[in-house]
Amino acid sequence: MTLAAAAAFSVRAAGIIEEEAARRGKQSNGSSQGLYQSDEDHLTDDCSVPSEDEAHDMTSNKNDASDEMESSCSFQRHVSHVLTNDEVTALLKQKNKYKWEMPAVDIPKSKWVGTGNSYRDIMHCNKKPFYLKGSKVDSSTMDAYIMHALSHVHRTRDVVIKNDTKLRNDANTDILDDNSYRDQGFTRPKVLFLLPLKSIARRVVKRLIQLSPLTQKDNAMGLFKKDFDESDDEEETENSSKPADFNLLFAGDVEDHFLFGIKYTKKSVKLYSNFYASDIIVASPLALKLKIDGGEDIKKKGCAKDSDSNFLSSIEIVVVDHADVISMQNWSHLHSVLEQLNQLPSKEHVANVMRIRPWYLDQRERYYRQTIILSSYLTPEMNALFNRSCSNYEGKVKLVTEFTGVLPKIQLEVRQVYEQFDASSVGESDDARFDCFCTRVCPKIQESDEGGVLLFVSSYFEYIRMSNFLKSQDASFCRIGEATSQPDISRARLWFFEGQKKILLYSERSHFFHRYKRRTSFGCLLLAREKRFLSGACKYAWRIIKSEVQCTFFSSGYS
C-alpha cells in the first residue's frame, strides 16, 4: 500500500486519522517542536513585515491550523457525546448493514463499505505485510495507526493538563457544575497494540519512537533492545530452502509472550512503565490473556506486581495488527482479551472520581472504543470478531475485496478435483465436511492399496477430530501438528516418505510455522481452506511423476 493509499484508508475511508497524519508527518520530518507546545510557540512579531517566503509559511501554518481544528473537533465530538438509552438499545440490535461505499485507492477490485462517522471501527483485511512484499510495503499503514494513537494520547493528556491548570488557578470551581472537567477514565492507559511476535512489536515500537517528536527519546530503547534483540530482522536469509515470506517473518525474535507499557510526558517517552502510569500498552494476546487470568506473574521492570487487569478498563483505541499471524497462534486468546476490555475495575486507581467521564460511570465505554483490525486476508473468525466485539457508536468501516482466486498460482501439472458437500448453515459446515470425509472419502482410502495420502486440515480442532477418527478406524497414518515434537516430526516424515504409513495428517498451522521442503513421494492432497497455502500445499504434494498427483479440495457453499 502506498502512502496515498494509506491516506485514503486513514482519512477518507475510515476517518480515524483525518488530517492529523499529515500534520504530524510534517512535524516529524521538518520540525523539532514537541507535541506539547506552549502559547509562546505561536507568538509572532506584529511589527515585522513578512517576506514572500514568510507569507508562504504563514499560509501553510493556516492550513495546518485548519487541519488541527478539524481533527480536534472530531476528538472532542467523540469523547463529549453522551449516549442515550435509546441509542444503546439500537446499538445492541444493530445488524451491521453498511450504508455507504467508496473505491479503495491503490487496492484493485476493492472498496470500502461502512456506516456512521469518524472514530469508527475498522477492518482492513487486504493489507500487504512486510513479509510478503518487502519491509516497506506496510509502513504507511503502520505509520497511520501509530500517528492516530499518538494524536489520541496527547489530545487526551492536553485536556487533562489544561483542566488541571484551570482548577489550580480557581480553587472555588465546582467540578459538578461543568461537564468539561469530566475528562478522565478509570485508569490512564488509552491505547492497546495487540501484536503476534516480538519481532513485529520491535518494528512497531521502533517506528513509534521515531514518529514521536520529543526531545528526550534517545535513551528509551535501552532495556528494550536487550529484550527484543538489536539485530536487523527485516533482511531475508540468503541461500535458505524456506520461502521468502517465511524467512522475513521468522527472521527476528519469534517469541509470542510480551507485555509492557509506554508512558509519554511533555519531553520524553519511557518504556516498561507501570501499567497504571502508561499511555500505551503493547502486548501479545497470549501474554495479556495470562495477565488477565492471573496465571503468571509478569516480572518486568516497572510492571504491576499483582495480576489484576484493571489497567484495561479505560482503553479507547485497540489496534490488532497482523491478525493473520495471530490466527495461526490461538485466536481464542484475542477474543478473550477483547471481551475483558472496558470492564468495571475492582479497585480505585484515580485521584478524583468526580472527573471521570459519564459514559465510564454508565458502563458504556465499549461503545466509545475504536477497534482497528489489520490482516493480509480475511477469515470467518475475523468477521465474527468484528461483528460481535466491535460496537463503536460512530459506526464501522470495512474493506470488501473481490478476489481473483488462487488457481493461477498453482503452476504445477497437478490434477485438481473440487468436491462440494451440503451444509445447512455456516455453523454446520465443519460437521458436514467431517461427515463427508467419514462417509465418502475414508472408505475409499482404506480400500485402496495405494498410499501417499496427505490430509491437509485447516484448524486444530479439525486436526484432533480427524486424528481420533483415524485411530478408531485403525487406519495406517502418522501426523504432524503444531505441538508435535521434532523427533516425532522426523519419524512421521520418514514413515510416510518410505511408505510405511499410508496417510499423513498435516495441520495448516504446522505448515505455517515450519514450511517443510517438499519430498518426492506424496500421492494426493485432501482438505484445505486458506487460499494463501493452497499453492504451497500442492507443491508439497508434488511427485516426480506429476500425472499421478491428484489434489482434492472439499468445500461448501459457505466456504
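Criteria and thresholds
- Each chain has its residues counted from 1, following the order in which its sequence is written.
- This being a predicted model, a pLDDT of at least 70 is required before a residue's local features are given, and a value of 80 or more before pairs of side-chain atoms are given or counted; all residues contribute to the totals for chains, interfaces and linings.
- Note: side-chain values were computed over all heavy atoms of the structure, leaving out hydrogens and water.
- Salt bridge, as applied in this entry: a Lys or Arg side-chain nitrogen positioned within 4 Å of an Asp or Glu carboxyl oxygen.
- Secondary structure counts use DSSP, requiring at least four H or I residues in a row for a helix and at least two E residues in a row for a strand, with both numbered from the N terminus.
- Accessible area is worked out with a 1.4 Å probe on protein chains only. A residue is then buried under 20% of its type maximum, exposed over 50%, and partly exposed in between.
- To get an axis, fit a line to the C-alpha atoms, keeping to the stretch in contact for a helix; angles then go from 0 to 180 degrees between the N-to-C directions.
- The labels follow the angle: roughly parallel below 35 degrees, roughly antiparallel above 145, roughly perpendicular from 65 to 115, and oblique for the rest.
- We call a crossing left-handed when the near helix sits turned anticlockwise from the far one by less than a right angle, and right-handed when that turn is clockwise.
- For this analysis, residues touch if any pair of their heavy atoms sits within 4.5 Å.
- In this classification, the charged set is Asp, Glu, Lys and Arg, the nonpolar set is Ala, Val, Leu, Ile, Met, Phe, Trp, Tyr, Cys and Pro, and all remaining amino acids, among them Gly, are polar.
- What the arc covers is the set of directions going from the helix axis to the C-beta atoms.

Caption draft 1: View of the pattern of salt bridges. Under the defined criterion, the tally for this structure stands at 13 salt bridges. A salt bridge links R433 to E462, with the nearest nitrogen and oxygen atoms 3.9 Å apart. Linking R433 in helix α15 (residues 429–447) with E462 in helix α16 (residues 460–472), this pair joins segments that are 29 residues apart in sequence. Looking at R433, the relative accessible area reads 11%, which means it is buried. Through salt bridges with shared partners, one network takes in D164, D183 and R355.

Caption draft 2: View of the packing of α15 against α16. At a minimum axis distance of 12 Å, the contact between α15 and α16 shows a crossing angle of 30°. Relative to α16, α15 is oriented roughly parallel. Relative to α16, the crossing made by α15 is right-handed. In contact with D430, D431, R433, F434, F437, C438 and C442 of α15, α16 contributes E462, R465, M466, F469 and L470. Of the residues contributing to the contact of α15 with α16, the split by class is 7 nonpolar, no polar and 5 charged.

Caption draft 3: View of helix α12 (residues 331–340). Residues of α12 that are buried include every one of W331, H333, L334, V337 and L338, and no others. Buried residues in α12, looked at end-on, bunch into an arc of 160°, giving them a common side. Structurally, α12 contributes buried residues whose contacts are with β4 (191–194), α10 (285–293), β8 (317–320), α11 (323–326) and α14 (380–389).

Caption draft 4: Representation of the environment of Y460. Mapped onto the secondary structure, Y460 falls in helix α16. Between the C-alpha atoms of Y460 and G481, which are 21 residues apart in sequence, the distance is 8.1 Å. Ignoring anything within four residues of it in the chain, the contact list for Y460 reads E482 and R509.

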